[in-house]
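Fold and contact review
Each chain, letter by letter, is given below.
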Amino acid sequence: MNHQDRSYKDKKVISIGTVSELTGLTLRQIRYYEERKLIAPYRNERGTRKYSFSDIETLMDIADKREDGVQTTEILKEMRLKERKRESEADVRKKMLQGQLNAQFRFGRGRN
């Protein structure tokens, strides 16, 4: 199962016009945030952008921060830091699960 199949929130099916209507951002602003690597829409073979509900939430968060005067470079740093933290936490969970499985199999073999 790939990332796109996990949740409806992650499916990139929403057009840029609809994103603009939902967020109140202009098309220019949305494209600018893409240029700054703050958002990464899917592009089909004709280059049409498609966004997810998660992308919309991200854009709204970006817009709020920009209203508060936060620069896009700072937003990007924060986003990257959060992503590294999520990846690190996922890695720790994976290692813990692997350790539990290893311990269970070692324990189970010793009892038979």
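Our subject in this report is the structure included herewith. (Residues numbered from 1 in each chain as written. Predicted model: local features only at pLDDT ≥ 70, side-chain atom pairs only at ≥ 80, totals over all residues. Heavy atoms only, no water.)

Notes on the nonpolar core
- Judged by nonpolar contacts, the single largest core of 15 residues is most densely connected at Val-19, Ile-30, Tyr-33 and Leu-59.
- When contributions to this core are tallied by element, the ones reaching two or more residues are α1 (16-23), α2 (27-35), α3 (53-67) and α4 (72-111).
- Per element, the largest residue contribution to this core is 4 residues, and it comes from α3.
- Discounting chain neighbours no more than four positions away, the residues touching Ile-30 are Ile-16, Val-19, Ser-20, Leu-25, Ile-39, Tyr-51 and Leu-59. (Core = buried A, V, L, I, M, F, W, Y, C linked by side-chain atoms within 4.5 Å. Buried < 20%, exposed > 50% of the residue type's maximum accessible area, 1.4 Å probe, protein only. Helix = DSSP H or I, 4+ residues; strand = E, 2+ residues; numbered from the N terminus. Contact = heavy atoms within 4.5 Å.)

Some remarks on the sheet that holds strand β3 (residues 49-51)
- Pairing within the open sheet is antiparallel, and its 3 strands lie in the order β1-β3-β2. Whereas interior strands pair on both sides, the edge strands pair on one side only; in this sheet they are β1 (14-15) and β2 (42-43).
- Two elements, β2 and β3, share 2 bridges in a ladder whose sense is antiparallel. Bridge pairing in β3 places Tyr-42 opposite Lys-50. (Pairing = 2+ DSSP bridges.)

Nothing here speaks to function; it is all geometry.
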